[in-house]
Amino acid sequence: MANDLLKGKRGIITGALDANSIAWKVAEKAHEQGAVFVLTNAPIAMRMGEINALAEKTNSKIIPADATSIEDLTKLFTEAQEVLGGKIDFVLHSIGMSVNIRKNIPYTESNYDYFAKGIDVSAMSLHKMLAVAKKMDAISEWGSVVALTYMAAQRTYPFYTDMADIKAMLESIARSFGYHYGVEKKVRINTVSQSPTKTTAGTGIKGFGDFYDFADSIAPLGNASAEDCANYCVTLFSDLTRMVTMQNLFHDGGYSSTGVSSEILSKMGEE
Ligand SMILES: NC(=O)c1ccc[n+]([C@@H]2O[C@H](COP(=O)([O-])OP(=O)(O)OC[C@H]3O[C@@H](n4cnc5c(N)ncnc54)[C@H](O)[C@@H]3O)[C@@H](O)[C@H]2O)c1
């Protein structure tokens, strides 16, 4: 369904690692809707090379950048404007990594160096991106920045460990920066709180498969797919949502508003 919702818009899309990545789908959908953009990821993630196929498909340039490096981010915003021929209209922050999760370390025994690394990569990177962009005045008025998050920022999910606290910080940065950037430049900043999704980051979490099925059984509409999430992000990049900012927006098939479903109750009754 191509109706040029993003025609004439220039973007930066982070986090497309492989075809399962939410960012990959966002790039495909944004391309379908007429946007031009650059793709970026950590230099180490590029070595896998899969992003080249996406770049070819969407006719995009790849600019490697470690999202924790101010130097890399400055280069990213400078080159993106050169390549795309003007200020940036939308940015997708789709970056998440916890060493504590990767190493299966329980929350109460979190390693603090890993914790700090997780904060830097997954939350502070949004602040750094926005600070760099604001200093350079690289995002156009009414531009839209979307970061992906998860509901563990509001409710406890034991397996999500330090990422719960990190996502709470990410959502707070979106609100705080959204105020300042909104007042000064009318730039909009929101987080999208997405259903469990089968990606590299998602399936790296212990017990993800069972939890995916649990969430699917609770949500009246079922889990939202990566493709659905991409469609939602496109609407947030578009001018149709220009007064939406500083929000954490649930995109989860109704999961976050459901206490329990008949499906789960009948499954428990079978035991
Ligand atoms: N998969 C889920 O269940 C789910 C649910 C809700 C929210 N999210 C969020 O969606 C976002 C995208 O994750 P995904 O599920 O598509 O997984 P993914 O593994 O495909 O994407 C994560 C990306 O972060 C990138 N990254 C890691 N360190 C980086 C760094 N230092 N600099 C730049 N990029 C770096 C990785 O290379 C990768 O491309 C994350 O913020 C994640 O927390 C995922």
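Presented here is an overview of the structure given in this document. (Residues numbered from 1 in each chain as written. Predicted model: local features only at pLDDT ≥ 70, side-chain atom pairs only at ≥ 80, totals over all residues.)

### Examining the pairing of strand E5 (residues 139–149)
Stage number 1. In terms of burial, E5 is a largely internal element, eight of the 11 residues being buried.
Stage number 2. Inspection of the sheet shows strand E4 (residues 88–93) paired to E5 by five bridges, in the parallel sense. What sits directly across from Val91, in E5, is Val145.
Stage number 3. Direction of pairing for E5 relative to strand E6 (residues 188–194): parallel, over a ladder of six bridges. When the sheet's bridge partners are listed, Thr149 is paired in E6 with Ser193.
Stage number 4. Running through helix H7 (residues 161–185), the crossover from E5 to the neighbouring parallel element E6 is right-handed. (Buried ≥ 20, exposed ≤ 12 C-beta atoms within 10 Å, placed from the backbone. Helix = DSSP H or I, 4+ residues; strand = E, 2+ residues; numbered from the N terminus. Pairing = 2+ DSSP bridges. Right-handed = clockwise from strand over helix to strand, strands pointing away.)

### Observations concerning the site of the ligand
Stage number 1. Around the ligand sit 27 residues, and of these Ser21, Gly96, Thr199, Ala201 and Gly202 come closest.
Stage number 2. Here the element with the most residues in the shell around the ligand is helix H8 (residues 200–203); it accounts for three residues.
Stage number 3. Looking at the shell around the ligand residue by residue, the classes come out as 13 nonpolar, 13 polar and one charged. (Near = placed C-beta within 6 Å. Nonpolar A, V, L, I, M, F, W, Y, C, P; charged D, E, K, R; others polar.)

### Quick word on the packing of helix H6 (residues 112–136) against H7
Stage number 1. Contact geometry for H6 and H7: axes closest at 9 Å, N-to-C directions at 10 degrees. One element, H6, and the other, H7, form an angle in the roughly parallel class. By crossing handedness, the relation of H6 to H7 is classed as right-handed. Counting all contacts with H6, which are made through Phe115, Gly118, Ile119, Ser122, Ala123, Leu126, His127, Leu130 and Lys134, the residues of H7 involved are Asp162, Met163, Ile166, Met169, Leu170, Ile173, Ala174, Phe177 and Tyr181.
Stage number 2. Of the residues contributing to the contact of H6 with H7, the split by class is 13 nonpolar, three polar and two charged. (Axes fitted to C-alpha atoms, helices over the stretch in contact; angles between N-to-C directions. Parallel < 35°, antiparallel > 145°, perpendicular 65-115°, else oblique. Left-handed = near helix turned anticlockwise from the far one by under 90°. Contact = placed C-beta atoms within 7 Å.)

### A few points about the pairing of E4
Here is the key point about a regular strand: its side chains alternate between the two faces of the sheet.
Stage number 1. The buried count for E4 comes to six of six residues, which makes it a mostly enclosed element.
Stage number 2. Where strand E1 (residues 10–14) and E4 come together, three bridges link them in parallel fashion. If you follow Ile13 over to E4, its bridge partner there is Leu92.

### Considerations on the sheet that holds strand E3 (residues 61–62)
Stage number 1. With respect to topology, seven strands assemble into an open sheet ordered E3-E2-E1-E4-E5-E6-E7, the strand pairing being parallel. Single-partner strands in this sheet number two, and they are E3 and strand E7 (248–251).
Stage number 2. Of the pairings in the sheet, the one linking E6 to E7 comprises four bridges and is parallel in character. Of the residues in E7, the one forming a bridge with Val192 is Leu249.
Stage number 3. Of the strands in this sheet, E5, E6 and E7 are in contact with H7, which crosses E6 at around 155 degrees.

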